[in-house]
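Each chain, letter by letter, is given below.
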Amino acid sequence: MNAPLLAVEALGRDYARPPLRALDDVSFELAAGRNLGVVGDSGSGKSTLARLVMALDAPTRGRVLHAGEDPRRLAPAALRRARAGFQMVFQDPYGSLDPRRSVLQTVAEPMALLTEAGRGEQRERALEALAAVGLRAADGARYPHEFSGGQRQRIAIARALVTRPKLIVADEPVSALDVSVRAQVLNLMQELQERWGVSYLLISHDLAVVDWLCDEVVVLQRGRIVDRGAPRELFRAPGHAATRALVEAAP
């Protein structure tokens, strides 16, 4: 039996200053080709979870497995190669892009850092990723400030796609965008999943976004999972007070 694409096992994270238990006994699995939403109020542990899944922070307890492998146990060179398989899209499409680098350089950067690909292959894959998100080859010579917010998020998604990962952690990927642009980016993410086979771990406070994109959702409160299920069913009949509060606060 194949290991799940992502397995989070009894995950906990404590911080000493100030004393804080950010995550406590969090467990879930994500199968290849599926999408999981993580929702919760501010301070519930969503961003901490994203950092741990991305191996940007070390858990206090438990572990995160990518296709059965714990990236924290890998040697630095092996971890760098493994990172090609899981990438991240951040909330702020402008703040996550280097204004001094062209779009082509920005999109190709993960290939240069995480793979052994030569410059020719890096350029070819970057152009392929730009085309996948609806941008032209000529756009690669431009700089982030020359694009709209929705276009910059497309650039960020292209950068995440360039190493052809199996998993993308998307931390509030459309919350900084106008409503009409949000729909375009969400449709793009869905199209890319169908075309490239990528799975999403979607961190969001927007229940409509989670309902649109995700197969399952977990609800965090004070670092613990307090509710889970299919989004449409869970949001229609929330089983926990934290879920009810999120539903009642949704526009």
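These numbers come from a predicted model, not from an experiment.

Engineer: An account of the sheet that holds strand 5 (residues 86-89) is needed here, citing residue identities and associated values.
Structural biologist: Judged by pairing direction, the sheet is mixed, and its six strands sit side by side in the order 5-6-7-3-8-9 without closing on themselves. Among the strands making up the open sheet, the edge pair consists of strand 5 and strand 9 (224-229). Taken over all neighbouring pairs, the strand axes of this sheet differ in orientation by 20° on average, direction set aside. Contacting strand 5 and strand 6 (167-171), helix 5 (residues 149-161) runs over the sheet at an angle of about 170° to strand 5.

Engineer: Which residues make up the environment of V198, and what values go with them?
Structural biologist: Note that V198 resides in the loop between helix 6 (179-196) and strand 7 (199-203). The class for V198 is buried, based on a relative accessible area of 0%. With 31 residues separating them in the primary sequence, V198 and L167 have C-alpha atoms 5.7 Å apart. Apart from residues no more than four positions distant in its own chain, V198 is found in contact with P165, K166, L167, I168, L192 and Q193.

Engineer: I'd like a description of the sheet that holds strand 4 (residues 61-66), backed by residues and values.
Structural biologist: The strand order 2-1-4 describes an open sheet built from three strands, whose pairing is antiparallel. In this open sheet, the two strands that pair with only one neighbour each are strand 2 (20-30) and strand 4. When the angles between neighbouring strand axes are averaged without regard to direction, this sheet yields 20°. Examined bridge by bridge, strand 1 (residues 6-15) and strand 2 share seven bridges and lie antiparallel to one another. Residue pairing for strand 2: L6 is matched across the bridge by L30.

Engineer: Requested: an account of the environment of V217, with residues and values cited.
Structural biologist: Along the chain, V217 turns up in strand 8 (residues 216-221). On a C-alpha basis, the gap between V217 and A138 in space is 39 Å, while along the polypeptide they are 79 residues apart. Not counting chain neighbours up to four residues away, the residues in contact with V217 comprise L36, G37, V39, V210, D227, R228, G229, A230, P231, L234 and F235.

Engineer: I'd love a proper account of the pattern of salt bridges, names of residues and values included.
Structural biologist: One side chain can pair with another of opposite charge once the charged atoms of both are near each other. Tallied over the full model, the rule gives 15 salt bridges. Linking E9 and R63 is a salt bridge whose minimum nitrogen-to-oxygen distance equals 2.6 Å. A residue pair is termed long-range when its members are at least 10 positions apart, and E9 in strand 1 and R63 in strand 4 qualify at 54 residues. Residue R63 is classed as partly exposed on the basis of its relative accessible area, which comes to 37%.

Engineer: So what's going on with the packing of aromatic side chains? Which residues, and what values?
Structural biologist: Per the counting criterion, the structure on display carries zero aromatic pairs. One residue, R142, lies across the ring of F147, its end atom 4.2 Å from the ring centre.

Engineer: Tell me about helix 3 (residues 103-114), and name the residues and values.
Structural biologist: Of the positions making up helix 3, those classed as buried are V103, L104, T106, V107, A108, P110, M111 and L114. Where the residues of helix 3 are buried, they touch helix 2 (76-82), strand 5, helix 4 (119-132) and helix 5.

Engineer: Tell me about helix 4, residues and numbers included.
Structural biologist: Taking 1.5 Å per residue, 14 residues should reach 20 Å; helix 4 reaches 20 Å between its end C-alpha atoms and fits that length. Among all positions in helix 4, only Q122, R125, A126, A129, L130 and A132 are buried. Here the buried residues of helix 4 occupy an arc of 155° about the axis, which is enough to place them on one side. Among the exposed residues of helix 4, those pointing more than 90 degrees away from its buried face are G120 and E124. Packing partners of the buried residues in helix 4 comprise helix 3, helix 5 and helix 6.

Engineer: Describe the layout of surface pockets, and please don't skip the residues or the numbers.
Structural biologist: Roughly 280 Å³ of internal volume is contained in the largest pocket. Taken together, 13 residues form the lining of the largest pocket, with M54, Q87, M88, F90 and P110 sitting closest to its centre. The set of elements that each furnish at least two residues to the lining of the largest pocket consists of strand 5, helix 3 and helix 5. If one sorts the elements of the lining of the largest pocket by residue count, helix 3 sits on top with four residues. Looking at the lining of the largest pocket residue by residue, the class counts come to nine nonpolar, one polar and three charged. In this structure, the second largest pocket occupies an estimated 210 Å³ of space. H205, D206, L207, A208, F235, L246, V247, A249, A250 and P251 are the residues that line the second largest pocket. Listing elements by their share of the lining of the second largest pocket, those giving two or more residues are helix 7 (207-213) and helix 9 (241-249). In terms of residue count, helix 9 provides more of the lining of the second largest pocket than any other element does, three residues in total. Among the residues forming the lining of the second largest pocket, the class breakdown is eight nonpolar, one polar and one charged.

The rules behind each value
- Residues numbered from 1 in each chain as written.
- Predicted model: local features only at pLDDT ≥ 70, side-chain atom pairs only at ≥ 80, totals over all residues.
- Heavy atoms only, no water.
- Pairing = 2+ DSSP bridges.
- Helix = DSSP H or I, 4+ residues; strand = E, 2+ residues; numbered from the N terminus.
- Axes fitted to C-alpha atoms, helices over the stretch in contact; angles between N-to-C directions.
- Contact = heavy atoms within 4.5 Å.
- Buried < 20%, exposed > 50% of the residue type's maximum accessible area, 1.4 Å probe, protein only.
- Salt bridge = Lys/Arg side-chain N within 4 Å of Asp/Glu carboxyl O.
- Phe/Tyr/Trp six-rings, centres within 6.5 Å; stacked < 30°, edge-to-face > 60°.
- Lys NZ or Arg CZ within 6 Å of the ring centre and 35° of its normal.
- Expected span 1.5 Å × (residues − 1).
- Arc of directions from axis to C-beta.
- 1 Å grid on protein atoms, 1.4 Å probe; cavity = no way out; pocket = protein on both sides within 12 Å on 5 of 7 lines; lining within 4 Å.
- Points joined across faces, edges and corners; volume = space filled by probe spheres on them.
- Nonpolar A, V, L, I, M, F, W, Y, C, P; charged D, E, K, R; others polar.

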